[in-house]
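# Working through the structure, step by step
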Amino acid sequence: MLRMREDREIGAGGGSGVSARWQDWQWQLTNRVQSLAQLAAVTGLPVRSLAPLRPVAGVYPVAITPYYWSLVDAAAPDDPLRRQCVPDPRELECSGGDLADPLGEEEAMPVPGLIHRYPDRCLAIVTSECAVHCRHCNRKRLWRGPGYGRTRERLRAMVDYVSRTPAVREVIVSGGDPLLIAEDLLDWFLGELRAIPHVEVLRIGSRIPVTLPMRVTPQLCAMLKRHRPLWFNTQFNHGREVTPEAAAACEMLLTAGIPVSNQSVLLQGVNDDAETMRDLLTALERISVRPYYLFQCEPVRGAGHFRADPAHGMEMMERLRRTLSGLCLPRYVLDCPGGRGKIPLQRLSLRAERGAARREKQCFDNGDRMD
Ligand code: SF4
């Protein structure tokens, strides 16, 4: 390893441009930063200066593609992209309410890896592997476990469950990152789901356009196209992630007839100010990716330092709502702990709730009981 930036800048023949192997997604995966020694090499820091990160990386391992690292400002410790991929000692701090599995996903699996919480849809974890380990991930519990999916036998058990559950009309194929399992296995899985008469829609949740856009190849898009209606949700969190490579990956998916939407997470020190969020949302609009949700960061263990105050998030979104077109505006929501569904976070609902609480109190004070 690793001439990360150089490979980007020196063409295969020694000229300017991007080298052929830089464009090779398998090379990108093989040459990820996966140890503190490699992180020291790419940051230019002495290995011993990274010693405080050793306990964190032992619990939550590091993984960064050369591509994603090339977007990081390595000289800036608070760089918003660096914060998303470099371990932080605060990941081992745990407040009382933080949970390894805040959405209670493990308890909602009728078969291993398949989450069935809402009657009409379920979510298949087809792998625990990701190109980059996002430090704010709400499934970071999976990074070191035995993992779900990945084999035809395990995916077959998911297909069997869906086929004997007629209420399911939509299947979300997620992970980890589903675009990292073997392409023929993913093709088979999508085909089996598509063949179930009551499954009307498939959805893919993947951060590949952000972390490894070269994985989106014409061959992959041709395969995905065969399984439409297929929706694609990704997760850009900062305007600097909307690069020409990322735009080209999204364009290929869109050209294949696959709508691409974005689900950001509100992250302290990354995108929690109105100007940064405006840059992100307008950049997405320019590449025809619809901002769909902005998630409040969940009380997941190991991500407490990313959590912004919801009141601040609502204030920020209110400012943006006044100046941005509706096409740019995602819904700011909280995915309730324990899997109780999503609730919108907006100042209006807070006011309504306060009003309802006031009315309830008045009724109570007046003795207007319902019973
Ligand atoms: S790509 Fe998604 S699942 Fe994977 S680490 Fe990042 S946020 Fe988590």
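For the structure itself, look to the data block above.
The model shown is predicted, which means the values in this text are computed figures rather than measured ones. (Residues numbered from 1 in each chain as written. Predicted model: local features only at pLDDT ≥ 70, side-chain atom pairs only at ≥ 80, totals over all residues.)

For an α-helix, 3.6 residues make a turn, and residues three or four places apart therefore share a direction. The terminal C-alpha atoms of helix H8 (residues 183-194), which comprises 12 residues, lie 16 Å apart, in line with the 16 Å expected from a rise of 1.5 Å per residue. Turning to H8, the residues buried within the fold contact helix H7 (152-163), strand E3 (170-174) and strand E4 (201-205). (Helix = DSSP H or I, 4+ residues; strand = E, 2+ residues; numbered from the N terminus. Expected span 1.5 Å × (residues − 1). Contact = placed C-beta atoms within 7 Å.)

Our next topic: the packing of H7 against H8. The geometry of H7 relative to H8 is characterised by a closest axis approach of 10 Å and an angle of 15 degrees between their N-to-C directions. In terms of their interaxial angle, H7 and H8 are classed as roughly parallel. For the pair H7 and H8, the crossing hand works out as right-handed. Within the contact between the two elements, H7 uses Arg152, Leu155, Val159 and Val162 and H8 uses Leu185, Trp188, Phe189, Glu192 and Leu193. Considering only residue class, the contact of H7 with H8 consists of 7 nonpolar, no polar and 2 charged. (Axes fitted to C-alpha atoms, helices over the stretch in contact; angles between N-to-C directions. Parallel < 35°, antiparallel > 145°, perpendicular 65-115°, else oblique. Left-handed = near helix turned anticlockwise from the far one by under 90°. Nonpolar A, V, L, I, M, F, W, Y, C, P; charged D, E, K, R; others polar.)

Bringing the pairing of strand E2 (residues 121-125) into the picture now. E2 sits mainly inside the fold: 4 of its 5 residues count as buried. Two strands pair when backbone bridges link them, and strand E1 (residues 114-118) and E2 are joined in this way by 3 bridges, in the antiparallel orientation. For Leu114, the partnering residue across the bridge sits in E2 and is Ala124. Hairpin remark: E1 followed by E2, antiparallel, with 2 residues in the connecting loop. The sheet contact formed by E2 and E3 spans 5 bridges and is parallel. What sits directly across from Arg121, in E3, is Glu170. Handedness of the β-α-β unit built from E2, H7 and E3 comes out right-handed. (Buried ≥ 20, exposed ≤ 12 C-beta atoms within 10 Å, placed from the backbone. Pairing = 2+ DSSP bridges. Right-handed = clockwise from strand over helix to strand, strands pointing away.)

In any sheet, the strands associate via hydrogen bonds between backbone groups, in a parallel or an antiparallel arrangement. On the basis of which strands lie adjacent, the open sheet formed by 9 strands has the order E1-E2-E3-E4-E5-E6-E7-E8-E9 and mixed pairing. Taken across any chain shown, the strands that pair with only one partner, and hence form the sheet edges, are E1 and strand E9 (342-344). Between one strand axis and the next, the sheet turns by 25 degrees as a mean value, whatever way the strands run. Looking at chain direction, strand E8 (residues 331-335) and E9 are connected through 3 bridges and run antiparallel. Its bridge partner lying in E9, Asp335 is registered against Lys342.

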